[in-house]
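# Results of the structural survey
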Amino acid sequence: MGHEFRYRCPVETRGLLWFVGIMFVVIVTFQHFELPYNNIITSKSSVHTNQIAENGTLSTDGAVLKSETVSNVTQLNVLNSTDADNTDERGDNYVAVDNETVSEESVVSNKSSLQPVVQPNEESTQDPVGNSDNNATLTTGITSVVPLLPAVNSSSNMRSPSYVKPNTVIPVANIDPNTSSVEKHATPILEDHGNSGKVKSASAQTPRVVLVSEMHNLLLRSWSSPSSMRPPQWASPVDRELLRAKSQIENAPIIRNDPLLYAPLYWNISMFKRSYELMEEMLKVYIYKEGEKPILHQPVLKGIYASEGWFMKLLEANKKFVTKKPRNAHLFYLPFSSRNLELQLYVPDSHSHKNLIKYLKNYLDLIVAKYPFWNRTDGVDHFLVACHDWAASETKLIMSNCIRALCNADVKEGFVFGKDASLPETNVRTPQNPLRDLGGKPPSKRPILAFFAGSMHGYLRPILLEHWGNNKDPDMKIYGRVPKGKGKMNYFQHMKSSKYCICARGYEVNSPRIVEAIMYECVPVIISDNYVPPFFEVLNWESFAVFVLEKDIPNLKSILVSIPEKRYREMQMRVKKVQQHFLWHGKPVKYDMFHMILHSVWYNRVFQMQPT
């Protein structure tokens, strides 16, 4: 028995070892073919893939975009809701509402025409431009989203407008303007377009303020980068004309002296003058005739929203720029009044803009069904001019590709550098004489250091009044209302007698005080973070205005006092020279407000052009 046991034991042991070995090979082979990343160790480590986002390289399942979908151009197209500013700057009350983000269904009836770039997903941290390179060039220091792209329309007749709604918002990290190196603490934010209309942020970090000098860098970058829009559906002679104009502007002859233009006011006086000349020579605008008054074709010529109305009135009466042949047009104007849209359709206390947006969508559908021009370019050669605060949010989806000239030119509210234009807000009190009370006192007869008066709209003005109101400092005339009484100066007399006029934001970033200060030859002090000032494409605002960060209101006087007298007089002289760009005339004159608004639209359109 013992001998037989010793003989059989090695045989059974060897069989068992062979069995174990075969099973090991089978298990390893199974894992190789069935598990991701081909082995046990890497498949376990892949559980933590999403955490890579914290270190800058983003990679998750279900969020990868096709490489041809988006270029590496990042546009400033933020989708935050805007609050309403419906009260006249002097206190005449209008209806105030809390804005909301409108659901997809209320904006576009055909859901298939909305093609979101990235589906919101709690686990998704993929870079929406499909770029995991930490050294990629991004926009500086603000919240940014995926560029708007035209949807692919499967219909052969191209009769329905193509809309694309971006829905992934990404705050861009601070960038060194010299090296374009991205800081590693950028955190993704996903925007929820459901009924709540709220933005869900993964971080409480507030985007930093974009300074005017940085805005200029962003503008230049947007022009130098390839366009994110698709090429036109078919070629047109106007495209070649715009490309020739772009080349001539970029190679403009150097100008050193001009009797009508003062060089220090402009980023590049040579390019501006050549562009303006070409606009006068060749620009043709087609105005759509469709639409009923008062929302369409009926301008508002009085009040704080008068800019859109004056432009509409003067353009529709213009014979030089307007063409009746749309195929010859470089630009197409959508002639609606954002002010009349609110007056006619907003339901008081409804806190909803859905019916206003629906009206605009129906109007656009009519245009697209009747004409082929929107679909040729996906709307990039169309433009609108709108001064009401709500216009930015009402047009950001259905007219997002258009060139939008907006009074509410807020970097955080979707203003796109290189495409949109900042529209001056002008408070016209007498339409028969918009230049009433023009001018002011010379610097030696301006005893007041700084002046402000206005209703306490928004969060900023109460702070201003708290620090400097109620005659806390005799040099700082800061009021809620200008004190009335015999012998007291009125609002205009204060502006004409002040060195600096405080232009503090209200509910939104824009204020008519900026244009008023220029009209009364008072140096504007703009306190409105992330506000893009008017005609920014060509004007160097820091040469004639002072920009104070909102957080620096407690130091306002010390900032103004620190400006040397020589510098103040230089800025005041430049305010007088730039004044010609901010005046309305019953019959437009060279370089006036009408021509400058049209030039901003023209300039952006020209620099959008890319050789095909």
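Reading the values: rules and limits
Here the residue numbering is sequential within each chain, running from 1 through the sequence in written order. Owing to the predicted nature of the model, reporting of local features is limited to residues with pLDDT of at least 70; listing and counting of side-chain atom pairs is limited to 80 or more, with chain, interface and lining totals taken over all residues. Heavy atoms from the whole structure form the basis of all side-chain values; hydrogens and water molecules are not counted. Secondary structure elements follow DSSP: runs of H or I no shorter than four residues count as helices, runs of E no shorter than two count as strands, and numbering proceeds from the N terminus. Here the term buried applies to any residue with accessible area under 20% of the maximum for its type, exposed to any over 50%, and partly exposed to those in between, with areas from a 1.4 Å probe on protein chains only. Accessible areas in this description were obtained via Shrake-Rupley with a 1.4 Å probe; residue shielding takes into account the shown protein chains only. A fitted line through C-alpha atoms serves as each axis, taken over the contacting stretch for helices, and the angle formed by two N-to-C directions is quoted from 0 to 180°. For classification purposes, angles smaller than 35 degrees are called roughly parallel, those larger than 145 roughly antiparallel, those between 65 and 115 roughly perpendicular, and all remaining angles oblique. Each crossing is labelled by how the near helix is turned from the far one, with a counterclockwise turn of less than a right angle marking it left-handed and a clockwise turn marking it right-handed. Note on contacts: a residue pair is in contact if any heavy atoms of the two residues lie within 4.5 Å. Gly is put with the polar residues, along with every residue not named as nonpolar or charged; the nonpolar set is Ala, Val, Leu, Ile, Met, Phe, Trp, Tyr, Cys and Pro, and the charged set is Asp, Glu, Lys and Arg. Salt bridge criterion: a side-chain nitrogen from Lys or Arg within 4 Å of a carboxyl oxygen from Asp or Glu. Disulfide: a pair of cysteine sulfur atoms within 2.5 Å of each other. Two strands form a pair only when DSSP identifies at least two bridges running between them.

## Points about the overall build of the chain
- If you tally the helices and strands in the chain, you get 17 helices and 14 strands.
- Buried residues in the chain amount to 54% of all 612 residues.
- Counting every atom, the chain has about 27,700 Å² of accessible surface; 54% of that belongs to carbon and sulfur.

## Here's the deal with the packing of helix α8 (residues 338–345) against helix α9 (residues 354–370)
- Orientation of α8 relative to α9, taken along the N-to-C sense of each, is 125 degrees, at an axis distance of 10 Å. In terms of axis orientation, α8 runs oblique to α9. Like other packed secondary-structure pairs, α8 and α9 cross with a definite hand, here right-handed. Contacts from Leu341, Glu342 and Leu345 in α8 reach Asn355, Leu356, Tyr359 and Leu360 in α9.
- Split by residue class, the contact of α8 with α9 holds five nonpolar, one polar and one charged.

## A short note on the pattern of salt bridges
- Per the stated rule, a full pass over the model turns up 20 salt bridges.
- The shortest N-O distance in the salt bridge between glutamate 277 and arginine 274 comes to 3.1 Å. Of this pair, glutamate 277 and arginine 274 both sit in helix α6 (residues 269–282), three residues apart, which is roughly one turn of that helix.
- A residue is classified by how much of its surface remains accessible, and glutamate 277, at 27% relative accessible area, is partly exposed.
- Linking arginine 429 and glutamate 516 is a salt bridge whose minimum nitrogen-to-oxygen distance equals 2.6 Å.

## Let's talk about the state of the cysteines
- Counting across every chain of the model gives two disulfides.
- The disulfide partner of cysteine 387 is cysteine 407, and the gap between their sulfur atoms is 2.1 Å. Disulfide cysteine 387 to cysteine 407: torsion about the S-S bond roughly -95 degrees, handedness left-handed. Here cysteine 387 is found in the loop between β7 (382–386) and α11 (391–395), whereas its partner cysteine 407 is found in the loop between β8 (403–406) and β9 (421–422), with 20 residues between them in sequence.
- Judged by relative accessible area, which is 0%, cysteine 387 ranks as buried.
- Since its relative accessible area comes to 0%, cysteine 407 is described here as buried.

## Comments concerning the sheet that holds strand β11 (residues 476–479)
- Judged by pairing direction, the sheet is parallel, and its five strands sit side by side in the order β11-β10-β12-β13-β14 without closing on themselves. A single partner strand is all that each edge strand has here, and the edge strands are β11 and β14 (546–547).

## Quick notes on the sheet that holds β9
- What the five strands build is an open sheet, ordered β5-β6-β7-β8-β9; its pairing is parallel. Of all the strands in the sheet, just β5 (285–287) and β9 have a single pairing partner and so form its edges.

## Observations concerning unusual backbone geometry
- Residue proline 294 follows lysine 293 across a cis peptide bond; omega there is 5 degrees.
- Relative to the assigned elements, proline 294 resides in the loop between β5 and α7 (306–316).
- One non-glycine residue, asparagine 530, lies in the positive phi region at around 70 degrees.
- Positive phi values are uncommon outside glycine, yet tyrosine 591 reaches one of about 70 degrees.
- Of note, tyrosine 591 is situated in the loop between α16 (565–578) and α17 (593–608).

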